[in-house]
Amino acid sequence: MAIEVRIPTILRTYTNGEKAVPGEGATLSEVIDHLESNHPGIKDRLIEGDGLRRFVNVYVNDEDVRFTGGLETSVSDGDEVVVLPAVAGGS
Amino acid sequence: MLEIKQATYDAIVAHAKKDHPDEACGVVAGPEGSDRPERFIAMVNAATSPTFYEFDAADLLKLYKEMDARDEEPVIIYHSHTATEAYPSRTDVGLASEPNAHYVLVSTREHGNSDGPVELRSYRIIDGAVTEEDVSVVDELRSLA
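Residues numbered from 1 in each chain as written. Chains lettered and ligands numbered in written order. Predicted model: local features only at pLDDT ≥ 70, side-chain atom pairs only at ≥ 80, totals over all residues.

> I keep staring at the overall build of chain B and nothing clicks. Help me out?
Scanning chain B from terminus to terminus reveals three helices and nine strands. For 145 residues, the compact-globule estimate of 2.2 N^0.38 gives 15 Å, and chain B sits close to it at 14 Å. Expressed along its principal axes, the backbone C-alpha trace of chain B runs to roughly 40 × 35 × 30 Å. A buried classification covers 39% of the 145 residues belonging to chain B. At a minimum sequence separation of 6, the contacts of chain B that also span at least 24 residues come to 63%. (Helix = DSSP H or I, 4+ residues; strand = E, 2+ residues; numbered from the N terminus. Rg over C-alpha atoms; globule rule 2.2 N^0.38 Å. Buried ≥ 20, exposed ≤ 12 C-beta atoms within 10 Å, placed from the backbone. Contact = placed C-beta atoms within 7 Å.)

> In this structure, what is going on with the pairing of strand β8 (residues 129–133) of chain B? I would like to understand it.
Look at any regular strand and the pattern is simple: side chains alternate between the two faces of the sheet. Residues and elements named next belong to chain B. Pairing analysis gives five bridges linking strand β7 (residues 119–126) to β8, with the strands arranged antiparallel. Along β8, the bridge assignment pairs Arg124 with Thr131. Between β7 and β8, which pair antiparallel and follow one another directly, the connecting turn spans two residues, one of which, Asp127, has a positive phi of 50 degrees. (Pairing = 2+ DSSP bridges.)

> Could you clarify how one ought to interpret the interface of chain B and chain A in this entry?
Accessible area lost during the coming together of the parts is what is often quoted as the interface size. Across the boundary between the two partners, chain B contributes 23 residues, which contact 16 residues of chain A. Counting residues per element, the ones that place at least two in the side of chain B that touches chain A are β4 (52–54), α2 (57–69), β5 (72–81) and α3 (90–95) of chain B. Here the side of chain B that touches chain A gets five residues from one element, more than from any other, and that element is α2 of chain B. Its residues assigned to classes, the side of chain B that touches chain A shows twelve nonpolar, eight polar and three charged. Bridge count for strand β8 (residues 88–90) of chain A against β4 of chain B is three bridges, and the pairing is antiparallel. Residue Gly89 of chain A lies in a different strand from β4 of chain B, and its bridge partner there is Tyr53 of chain B. (Nonpolar A, V, L, I, M, F, W, Y, C, P; charged D, E, K, R; others polar.)

> I tried to follow the environment of Ile10 of chain A on my own but got confused; where do I start?
You can see Ile10 of chain A is positioned in the loop between β1 (3–6) and β2 (20–23). Given 18 C-beta atoms within 10 Å, Ile10 of chain A falls into the partly exposed group. For the pair Ile10 of chain A and Lys43 of chain A, spaced 33 residues apart in the sequence, the C-alpha separation amounts to 13 Å. Among residues more than four places away in sequence, those in contact with Ile10 of chain A are Pro85 of chain A together with Ser97, Glu98 and Pro99 of chain B.

> I keep staring at the sheet that holds β1 of chain A and nothing clicks. Help me out?
Strands belonging to one sheet form pairs held by backbone hydrogen bonds; the direction of such a pair is parallel or antiparallel. Within the open sheet, the five strands sit side by side as β2-β1-β7-β5-β6 (chain A). Their pairing is mixed. Both outer strands of the open sheet, β2 and β6 (63–64) of chain A, are each paired with one neighbouring strand and no more. Along the sheet, α2 of chain B makes contact with β5 (56–60), β6 and β7 (80–85) of chain A, crossing β7 of chain A at roughly 105 degrees. (Axes fitted to C-alpha atoms, helices over the stretch in contact; angles between N-to-C directions.)

> How should the pairing of β5 of chain A be read in this particular structure?
Residues and elements named next belong to chain A. Within β5, four of the five residues are buried, leaving the element largely enclosed by the surrounding structure. Where β5 and β7 come together, five bridges link them in antiparallel fashion. If you follow Val56 over to β7, its bridge partner there is Pro85. As paired elements, β5 and β6 share two bridges and run antiparallel to each other. Across the sheet, Tyr59 pairs through a bridge with Asp64, a residue of β6. With antiparallel pairing between neighbouring strands as the criterion, β5 and β6 make up a hairpin whose turn holds two residues, including Asn61 at a positive phi of roughly 45 degrees.

> Teacher, can you tell me more about the sheet that holds strand β6 (residues 102–107) of chain B here?
All names here are of chain B. Read across the open sheet, the six strands follow the order β3-β2-β5-β6-β7-β8; overall the sheet is mixed. Lying at the two open borders of the sheet, with one neighbouring strand each, are β3 (39–43) and β8. Going from strand to strand, the sheet's axes swing by 30 degrees on average, the running direction of each strand aside. Strands in contact with helix α1 (residues 6–19) are β2 (25–31), β3, β5, β6 and β7; relative to β6, the strand with the most contacts, it is inclined by about 50 degrees. α2 contacts β2, β3 and β5 of the sheet and is inclined by roughly 145 degrees relative to β5.

> For this particular structure, what's the right way to read unusual backbone geometry?
Glycine aside, a negative phi is what most residues show, and trans is what most peptide bonds show. Residue and element names in this part refer to chain B. Between His20 and the following residue, Pro21, the backbone shows a cis peptide bond with an omega angle of 10 degrees. Within the fold, Pro21 resides in the loop between α1 and β2. Positive phi, normally seen in glycine, also occurs at Asp35, with a value near 60 degrees. Mapped onto the elements of the fold, Asp35 is located in the loop between β2 and β3. Accessibility expressed as a C-beta count within 10 Å gives 16 for Asp35, which makes it partly exposed. One non-glycine residue, Asp127, lies in the positive phi region at around 50 degrees.

Rendered as structure tokens:
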């Protein structure tokens, strides 16, 4: 069983329109690197410097990774990784 | 053009007035690809701010999982401006991430929490380009063909 990575509408241009793609890796960081190898360009939309972009939310099994170790959050087979851009703005 | 039910329009305006002077935000979901804003969902502004809004991260996940399970998408994403006009700010444009959604803005600067007309306008925001569109308020959405 692989890791399932759910892709938001705005990033499906990188996945040929796929809503979910298989992932691999022991940490979120590795999953994102694997994602990048299959879908070049997607990593830059998720990562800025050493961390996740401020307005990108990532959840592993429904837990916001900001509370579980960020990019070092461990991931294993059967896990679900969900990527959701923040819905935010300001005047 | 955005076609919206009077009841949904009124719900968005009422939410904006209630949360003034903070920004209010939410979505109106509808069947994927239908362009029909059917299900009004007020969201909590986690920023609790007069100049910023952000859906709470846990609420956001719950919302998207629920829409996914119902084959829905956000047809409208709305928020209020409390001291400026109902036009997307640079931040709004930079963070807009739903190319299929109608971005509805309400300005409560004239009447705040009180009765009185508010400005409600709708936009498409795609790749940083803002296009305003007409808003048609109807008693009921057209029935599905």
